[in-house]
Amino acid sequence: MTHKNTAGTPRLICLYLSEKGRVLANRISPTTLPLSEVKIGEVFTSFDQIVFVTTAAIAVRSIAPHISSKATDPSVVCVDEDGSYAIPLLGGHRGANRLAKTIAATIGSEPVITNPSDRNGTYTLNSFAGYHAVGDIAHFQAQLNSGIVPKVTNSTGWPLPGALADSATSDDGPEILISITRPDLAHLRLVGSVQLIPELLVVGVGCSSDATPDEVASAIEATMIESNLANEAIHTFATIDIRKDHPAIVALNHPTVFFDSSQLARVEVPNPSSTVLDSVGSASVAEAAAILASGSPDGLIVSKRKFRAVTVAVAQRSAKPGRLFVVGLGPGNPDLRTLQAANTISHAEVVTGFGPYVDLCSDLLTPNQKVKRFPIGEETHRVDFAIDSAIAGYEVALVCSGDPGVFAMASLAFERAEIIGFDPKLITVVPGVTAALASSAVAGAILGHDHAYISLSDLMTPWSVIEERVIAVARADLVAAFYNPKSSRRISQLNKAIGILAEFRPATTPVVVARAVGRDHQSVKVVQLADFSSDEVDMETLVIVGSTTSTFAGIRAYTPRGYSEKK
Ligand code: SAH
């Protein structure tokens, strides 16, 4: 049996009992098996997500003997054979709630979420990525869930977690303290506060070749205690590359960055040592590595502590690095959304975009995220808000329908980044299935040979330019996909474009009129060019006009791969 994938994408299996269950299971997961053919114990340890298309009782009885730990058990969701409900049974906050919502959006069922915080939209204190919650979390969470507004105090220069930045705070509620000092659990419990510890420290470590793992671990622990710094605040360790395979460094079992001696030698440090210089070629390892990894020459907050065979120094990361992901959601239904898009949105701290597009991914959103929906228009506002949020240190997903590079926000993001001064390397474009691909597929294969995408919106391009391009496409005998074909104010362009193509193509040329593809109210038809009417075309419609070789296949249409195959 295959092993769990630790590289990012969770491994999902769907188990079923009956033929009806099998059909449903195939809509939920590419990996499906009859329940009778699997050993649940093996599935339990091999997959991250298990979906049962059975009764809840069967699912519960199957998994019961194998449940061991909240930290390692897979997420388990049960879907009834009618596909009416998707119920997370295990690992709600570790992905099962989200999975249930995605399944629900895919097969049109209702997610049955039983965690109160997810039901009433309150963030979960212990699920903020990059922060550790300590204190009586369960009690505090219960108060939040019952509507109490907390007082939030941030003693760090770090941005608040997305949802906290967005939600109401008070001056006197129970306190959420954002701090990297060592938590005093007894005191926190006594006063009813919780502490959120952001991972903002870099610990520089130098060690001689004979240092033992115990020595290194206790030197770090002693330094953290002496400096009153929480261990949870450690983001990374940093050291010299020649210690990469040193057992004491490996035993740290935590992300570690390595620098070579020439990089370290260039850093100005408060406590250089000639002995260290002689032995490794840099006068500092712990301080220099901590400063380099912190990203700031002034980052050092604890200068070098010396132990028998170990040195330790601590620096504070200069800034939480934000990033902008411009994400394509595909045309609508989650089953046409890529895994990369879903994972990016799930991991984002801020999700933003045109309101209806944000709704297209609502199954992926959690109350721990800051979600900002924008009205129609305001495209520049949307992008600027996303870039500003990334500059403030958040991982931001700016969502678009279809593909973000096709008449959407990706190019605007690069344009605005240049104007605002945001590093374009921090922009990632996550592709999506564009309307033309989805429409062509539903209607057959009309994009089977060379084709062009043209937006008929003359808000962005003068009509004279659009017209010239339509003529060029007509002359080149390309299949033409018209985006933004018509709106309530722009009605003549589509008929003009069709008129131009009609001069070059037979009246029998197939035309695909695809409305709301991948959405609940999808309607797609293929008509002959002579019969085309723009009456039913709106802003949710894509019109694809075939080339002279395009042909009907029953009620659908395709364009042959080669001209020689023309009928
Ligand atoms: N980035 C989007 C396109 C944005 S332009 C994409 O890649 O699909 C908006 C135009 O795209 C609409 O006016 C319509 O012509 C087309 N469109 C977007 N979604 C559609 C859908 N689900 N069905 C049909 N056409 C769609």
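This text goes with the structure placed above it.
Criteria and thresholds
Residues numbered from 1 in each chain as written. Predicted model: local features only at pLDDT ≥ 70, side-chain atom pairs only at ≥ 80, totals over all residues. Heavy atoms only, no water. Near = heavy atom within 4 Å. Polar contact = N/O pair within 3.5 Å; in protein donor to acceptor, adjacent residues only side chain to side chain. Areas by Shrake-Rupley, 256 points an atom, 1.4 Å probe, with all protein chains shown as cover. 1 Å grid on protein atoms, 1.4 Å probe; cavity = no way out; pocket = protein on both sides within 12 Å on 5 of 7 lines; lining within 4 Å. Sits in = over half its atoms within 2 Å of the grid points. Nonpolar A, V, L, I, M, F, W, Y, C, P; charged D, E, K, R; others polar. Helix = DSSP H or I, 4+ residues; strand = E, 2+ residues; numbered from the N terminus. Expected span 1.5 Å × (residues − 1). Buried < 20%, exposed > 50% of the residue type's maximum accessible area, 1.4 Å probe, protein only. Arc of directions from axis to C-beta. Contact = heavy atoms within 4.5 Å. Patch = residues over 30% accessible without salt bridge, like charges linked within 9 Å, V, L, I, M, F, W, Y side chains within 5 Å. Salt bridge = Lys/Arg side-chain N within 4 Å of Asp/Glu carboxyl O. Axes fitted to C-alpha atoms, helices over the stretch in contact; angles between N-to-C directions. Parallel < 35°, antiparallel > 145°, perpendicular 65-115°, else oblique. Left-handed = near helix turned anticlockwise from the far one by under 90°. Pairing = 2+ DSSP bridges. Core = buried A, V, L, I, M, F, W, Y, C linked by side-chain atoms within 4.5 Å. Domains from an automatic or database assignment. Disulfide = S-S within 2.5 Å.

(A) Seen up close, the site of the ligand. Surveying the vicinity of the ligand reveals 20 residues, the closest of which are Asp403, Val406, Thr434, Met539 and Thr541. A distance of 2.8 Å separates a nitrogen atom of the ligand from a polar atom in the backbone of Val406. Between the ligand and Thr541, the relevant distance is 2.7 Å, taken from an oxygen atom to a main-chain nitrogen or oxygen of the residue. Relative to its free-state accessible area of 540 Å², the ligand is covered by the protein chains to the extent of 94%. Among the detected pockets, the ligand sits in the second largest pocket. Split by residue class, the shell around the ligand holds twelve nonpolar, five polar and three charged.

(B) Just helix α19 (residues 463–475), in detail. The end-to-end C-alpha distance of α19 is 18 Å, a good match for the 18 Å that 13 residues give at a rise of 1.5 Å each. Among the residues of α19, those classed as buried are Trp463, Ile466, Val470, Val473 and Ala474. Projection of α19 onto a plane perpendicular to its axis shows the buried side chains occupying an angular sector of 100 degrees, all on one side. Facing away from the buried side of α19 by over 90 degrees, the exposed positions are Glu468, Arg469 and Arg475. At its buried positions, α19 is contacted by β22 (451–455), β23 (479–483) and α20 (492–504).

(C) Region of the structure containing a nonpolar patch on the surface. Taken together, the side chains of Ile391, Ile419 and Ile420 define a hydrophobic patch exposed on the protein surface, amounting to about 270 Å² of accessible area. Within the element layout of this structure, Ile420 appears in helix α17 (residues 409–420).

(D) Spotlight on the packing of helix α1 (residues 19–28) against helix α4 (residues 96–107). Their axes nearest at 10 Å, the elements α1 and α4 cross at an angle of 110 degrees. As judged from the angle between their axes, α1 and α4 are roughly perpendicular. Seen along the crossing, α1 lies across α4 with a hand that is right-handed. Every residue of α4 that contacts α1 at Leu24, Arg27 and Ile28 is listed here: Ile103, Thr106 and Ile107. A class-by-class count of the residues in the contact of α1 with α4 yields four nonpolar, one polar and one charged.

(E) Region of the structure containing the sheet that holds strand β15 (residues 310–316). If you walk across this open sheet you meet the five strands as β13-β12-β11-β15-β14, and the pairing is mixed. Two strands lie at the open edges of the sheet, namely β13 (256–259) and β14 (300–306), each paired on one side alone. Here the average twist between neighbouring strands, direction ignored, is 20 degrees. In this structure, strand β12 (residues 234–240) lies alongside β13, joined through four bridges in parallel fashion. The residue of β13 that forms the bridge with Thr239 is Phe258. Sheet strands in contact with helix α9 (residues 213–226) are β11 (201–207), β12, β14 and β15, and its direction is about 45 degrees off that of β15. Contacting β11, β12, β13, β14 and β15, helix α13 (residues 286–294) crosses the sheet at an angle of about 25 degrees to β15.

(F) Structural context of the environment of Ala435. Checked against the element boundaries, Ala435 lands in helix α18 (residues 435–442). For Ala435, a relative accessible area of 27% translates into the label partly exposed. Placed 46 residues apart in sequence, Ala435 and Ala481 show a C-alpha to C-alpha distance of 9.3 Å. Contacts of Ala435, omitting those with residues within four sequence positions, involve Tyr483 and Leu542.

(G) Here's a closer look at the nonpolar core. Formed by 41 residues in total, the largest nonpolar core has its most connected members in Ile176, Val203, Val216 and Ile220. The residue makeup of this core includes at least three contributed by each of domain 2 (125–198) and domain 3 (201–316). Ile220 has contacts with Val203, Val205, Phe237, Leu252 and Val312, leaving out every residue within four places of it along the chain. Counting 23 residues, the second-largest nonpolar core is a separate cluster that includes Ile466, Val470, Val473 and Phe482.

(H) The arrangement of the state of the cysteines in detail. Inspection of every chain in the model, using the stated rule, returns zero disulfides. Among the cysteines around Cys78, which has no disulfide bond, Cys14 carries the closest sulfur, lying 10.0 Å off. Cys361 provides the cysteine sulfur closest to Cys400, a residue in no disulfide bond, and the two sulfurs are 11 Å apart. Cys400 sits in the buried class, given a relative accessible area of 2%.

(I) How the structure looks around the packing of helix α16 (residues 379–391) against α17. At a minimum axis separation of 9 Å, α16 and α17 run at an interaxial angle of 60 degrees. By the angle between their directions, the pair α16 and α17 is classed as oblique. Crossing handedness for the pair α16 and α17: right-handed. Mapping the contact onto sequence places Glu379, Thr380, Arg382, Val383, Asp384, Ile387, Asp388 and Ile391 in α16 and Met409, Leu412, Ala413, Arg416, Ala417 and Ile420 in α17. Residue classes in the contact of α16 with α17 are distributed as eight nonpolar, one polar and five charged.

(J) View of α16. Between its terminal C-alpha atoms α16 stretches 18 Å, which fits the 18 Å expected from 13 residues at 1.5 Å a residue. Residues of α16 that are buried: Arg382, Val383, Asp384, Phe385, Ala386, Ile387, Ser389 and Ala390. Buried residues belonging to α16 abut β16 (323–328), β17 (350–354), β18 (370–374), β19 (395–400) and α17. Where α16 terminates, the next one or two residues include Gly393, which has phi positive at roughly 110 degrees.

(K) Summary view of the sheet that holds strand β1 (residues 12–16). Taken in spatial order, the six strands make up an open sheet running β2-β1-β3-β4-β5-β6, and their pairing is mixed. For this open sheet the edge positions go to β2 (32–34) and β6 (110–111), each flanked by a neighbour on one side alone. In this sheet, strand β3 (residues 49–53) lies alongside β1 in parallel orientation, the contact comprising five bridges. By the bridge assignment for β3, Ile13 is matched with Ile50. Each of β1, β2, β3 and β4 (75–79) touches α1; the most contacted strand, β1, lies at about 170 degrees to it. Strands in contact with α4 are β1, β3, β4, β5 (85–90) and β6; relative to β4, the strand with the most contacts, it is inclined by about 35 degrees.

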